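# Topology and contacts: notes
In case you want the letters, here they are:
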Amino acid sequence: MKAVNKRNITVIAVIVFLAFLAIERTTRSEPESVPAMEQQGSSKTESGAGKGLLAPAFTLQGVNGESYSVEGAREKAVLVNFWASWCEPCQQEAPALNALALKYKDVLDVYGINVTSQDYKPNAERFVRKYMLAFPVMYDLKGEVFDKYKGAVFPTNVLVDKNGVIAEVILGLLSPEELEKKIIALTGS
């Protein structure tokens, strides 16, 4: 009888602990996974990782030695792709991103940002060579840019319009057709 009581108490303790975690998670001011997709900015002068907000500014050096920036208004819309070499969806997405970058090069810049703080740079370099990425690739060595965008998963694609405002944040893999529809909507092409 004592063993049954101990087991029941243990089960109740686990249930209470899980309920506590669930309640804590829902009451946090910043959700862990998809904040950028659901936030609506009140003003296009406010910067942040949410839809309708100015994209957080950054400048990174590309593997070609040039510097690339996202900050305010620009001539073309931009798709910022955060990836890691070990990420299978990133591997699946790479050929489609190449094709879309080439197809929409007149109206869209694609920036590939390896979140090197969560990867191994030699593997990332092999990834770039293997997929012959046709767009600028940068290394976010400390994960600072990924953090600015409240990155949670790989891949994360951030669509930024010509005014520098985030149109959408896509967490995870979309089919090439779905991604192209979003690019068409963003660029008006």
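Fair warning: this is a prediction, and the values are worked out from it, not measured in the lab.

## Concerning the nonpolar core
The biggest cluster of nonpolar side chains holds 46 residues, and the ones touching the most others in it are Phe82 and Tyr149. Tallying contributions element by element places strand 3 (residues 77-83) first for this core, with 6 residues. Apart from residues lying up to four places away in sequence, Tyr149 is in contact with Ala49, Ala55, Pro56, Phe58, Val70, Phe82, Val158 and Ile166.

## So, the environment of Gln91
Among the structural elements, Gln91 can be located in helix 3 (residues 88-103). When its relative accessible area of 26% is taken as the criterion, Gln91 is described as partly exposed. Separated by 64 residues in the primary sequence, Gln91 and Pro155 have C-alpha atoms spaced 9.4 Å apart. Aside from chain neighbours lying at most four places away, what touches Gln91 is Ser85, Trp86, Phe127 and Tyr131. Within the structure, Gln91 has its side chain in polar contact with the backbone oxygen of Ser85 (distance 2.8 Å).

What counts, and at which threshold
- Residues numbered from 1 in each chain as written.
- Predicted model: local features only at pLDDT ≥ 70, side-chain atom pairs only at ≥ 80, totals over all residues.
- Heavy atoms only, no water.
- Core = buried A, V, L, I, M, F, W, Y, C linked by side-chain atoms within 4.5 Å.
- Buried < 20%, exposed > 50% of the residue type's maximum accessible area, 1.4 Å probe, protein only.
- Helix = DSSP H or I, 4+ residues; strand = E, 2+ residues; numbered from the N terminus.
- Contact = heavy atoms within 4.5 Å.
- Polar contact = N/O pair within 3.5 Å; in protein donor to acceptor, adjacent residues only side chain to side chain.

The quantities given are spatial measurements derived from coordinates; they are silent on function.
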